[in-house]
Amino acid sequence: MADTETPVSKPRPRTADPGGLRVGVIVGGLVIALIAGFALGKAMGSPSASGGTPSGVTPTFNEASPHTHAMTGMTGSEVGGLSINAAGYTLVPKQTSFKTGVQDFRFLVTGPDGKPVSTFAVVHDRPLHFVLARRDLSGYQHLHPTMAPDGTWSVQVNLAQPGIWRAIADFTAIGAAGAQTAITLGTDLTVAGSYQPTAVPAVARQVSVDGYTVAYEGTLQLGATSPVLFRVFSDGKPVTVDPYLGSYGHLVFLRELDLAYVHTHPETQLTGGAVKFWATAPSTGTYRMFFDFQVSGKVHTAAFTLVFGN
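Criteria and thresholds
Residues numbered from 1 in each chain as written. Predicted model: local features only at pLDDT ≥ 70, side-chain atom pairs only at ≥ 80, totals over all residues. Heavy atoms only, no water. 1 Å grid on protein atoms, 1.4 Å probe; cavity = no way out; pocket = protein on both sides within 12 Å on 5 of 7 lines; lining within 4 Å. Points joined across faces, edges and corners; volume = space filled by probe spheres on them. Helix = DSSP H or I, 4+ residues; strand = E, 2+ residues; numbered from the N terminus. Salt bridge = Lys/Arg side-chain N within 4 Å of Asp/Glu carboxyl O. Buried < 20%, exposed > 50% of the residue type's maximum accessible area, 1.4 Å probe, protein only. Core = buried A, V, L, I, M, F, W, Y, C linked by side-chain atoms within 4.5 Å. Contact = heavy atoms within 4.5 Å. Phe/Tyr/Trp six-rings, centres within 6.5 Å; stacked < 30°, edge-to-face > 60°. Polar contact = N/O pair within 3.5 Å; in protein donor to acceptor, adjacent residues only side chain to side chain. Pairing = 2+ DSSP bridges.

Enquirer: I tried to follow empty space enclosed by the protein on my own but got confused; where do I start?
Expert: If you roll a probe as big as a water molecule over the atoms, it shows you where there is empty space left. Roughly 40 Å³ of internal volume is contained in the second largest cavity. Forming the walls of the second largest cavity are 10 residues, and the residues nearest its centre are Val-123, His-129, Asp-170, Phe-171 and Thr-172. Of all the secondary structure elements, the ones that give two or more residues to the lining of the second largest cavity are strand 6 (128-134) and strand 10 (163-174). It is strand 10 that provides the largest number of residues to the lining of the second largest cavity, a total of 3 residues.

So, in structure tokens, the structure goes:
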């Protein structure tokens, strides 16, 4: 679904050509903004200029305003979870065939030297985020495995229905020289039994989950960053969400057919009680958008269907 922060340069003294100087500053600012732009990805940056970061919230990158990225008509190069290997790191599952039910899933992450990696950066309160979903985009789970000293990760998964499931590991590995590499790897898990695909729910801007009503505002666009705001209601009244894993929410997108994955985080401050993300649609197609939020210590997930193009 790399965190950067763009320095602001001081203006140079006026010269005999103030009009040319203004044009240069504007063009320079646009170049910096385009370089800083990151489509639907993990992001970190400075706290809100209005006065710091709320307790329990990790500072996240704020793209500040809608803008067009240097690349348009993105074709999916920014998404993750499509391969078991990237940048020399490999996802190595201990088992890929299962029966239905709740069970333990174990895996390793090996590094460029082929050895298990056991040093990871803590990103949003966890060294590794794990997402699981069936190929028909049902059964979504956002989990957090534990790691043994030998680098083996273990997590309880609910493989409730037969079929092919996609397991996605989202992490930042720390190399021997301290270099951090953010990677998302994925593998298929086969659950025995007769596969009966579930139809993707209809497009809607409002859904109900666990007694709450969740609605979103904003329209995602191809190749252009735009705001998406989520509001939570109970009995028709606005609910203020609690910080969860270092932010006021987590937003995961899964694309139909290949289950390409994107994970992004919101601004550090609520906007009129809403959780505000900046995001870009990676490509045409059908997506499921999963908004994880917490109220009174309990985590809930609101799922929406998005369709771009034909």
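Enquirer: For this particular structure, what's the right way to read the pattern of salt bridges?
Expert: Between side chains of opposite charge, a pair can form when the charged atoms approach closely. Counted under the stated rule, the structure contains 5 salt bridges. Salt-bridge contacts for Asp-136 lead to Arg-134; the nearest nitrogen and oxygen are separated by 2.5 Å. What makes Arg-134 buried here is its relative accessible area of 2%. One network of salt bridges, with partners in common, ties together Arg-135, Arg-166 and Asp-188.

Enquirer: Could you clarify how one ought to interpret the nonpolar core in this entry?
Expert: Most often, soluble globular proteins have nonpolar side chains that are buried together. Formed by 31 residues in total, the largest nonpolar core has its most connected members in Val-214, Phe-230, Phe-291 and Phe-293. Elements with a minimum of two residues in this core: strand 12 (206-209), strand 13 (212-217), strand 14 (224-234), strand 16 (250-255), strand 18 (275-279), strand 19 (285-295) and strand 20 (298-308). Once residues within four sequence positions are removed from consideration, Phe-293 is found in contact with Val-209, Val-214, Val-232, Val-241, Lys-298, Val-299, His-300, Thr-301 and Ala-302. Grouped together as the second largest cluster of nonpolar side chains are 25 residues, Tyr-89, Phe-120, Leu-159 and Ala-169 included.

Enquirer: Please explain the packing of aromatic side chains as it appears in this structure.
Expert: What characterises a pair of aromatic rings is the spacing of the ring centres plus the angle enclosed by the ring planes. According to the stated counting rule, one finds 17 aromatic pairs in the structure shown. Taking the centre distance of 6.4 Å and the plane angle of 15° together, the rings of Phe-107 and Trp-153 count as stacked. Of this pair, Phe-107 sits in strand 5 (residues 101-110) while Trp-153 is found in strand 9 (residues 153-159), placing the two residues 46 residues apart along the sequence. Like Trp-153, Phe-107 is buried. Among the aromatic residues, ring-to-ring pairing joins Phe-98, Phe-105, Phe-107, Phe-120, Phe-130, Trp-153 and Phe-171 into one connected group.

Enquirer: Please clarify how the side chain of Ser-247 should be interpreted in this entry.
Expert: One can find Ser-247 in the loop between strand 15 (237-239) and strand 16. Looking at Ser-247, its side chain comes within polar contact range of the main-chain oxygen of Gly-249, at 2.7 Å.

Enquirer: Whenever I open this one, the pairing of strand 17 (residues 261-264) confuses me. Can you help?
Expert: In regular strands, side chains alternate between the two faces of the sheet. Along strand 17, one buried face is formed by Tyr-261 and His-263 and the opposite face, lined by Val-262 and Thr-264, is buried too. Across 4 bridges, the pairing between strand 16 and strand 17 is antiparallel. Bridge pairing links Leu-254 to Tyr-261 in strand 17. Between strand 16 and the antiparallel strand that follows it, strand 17, lie 5 residues; Leu-257 among them carries a positive phi value of about 85°.

Enquirer: I keep staring at unusual backbone geometry and nothing clicks. Help me out?
Expert: For residues besides glycine, phi is generally negative; the peptide bonds are generally trans as well. Even without being a glycine, His-124 presents a positive backbone phi close to 50°. His-124 sits in the buried class, given a relative accessible area of 3%.

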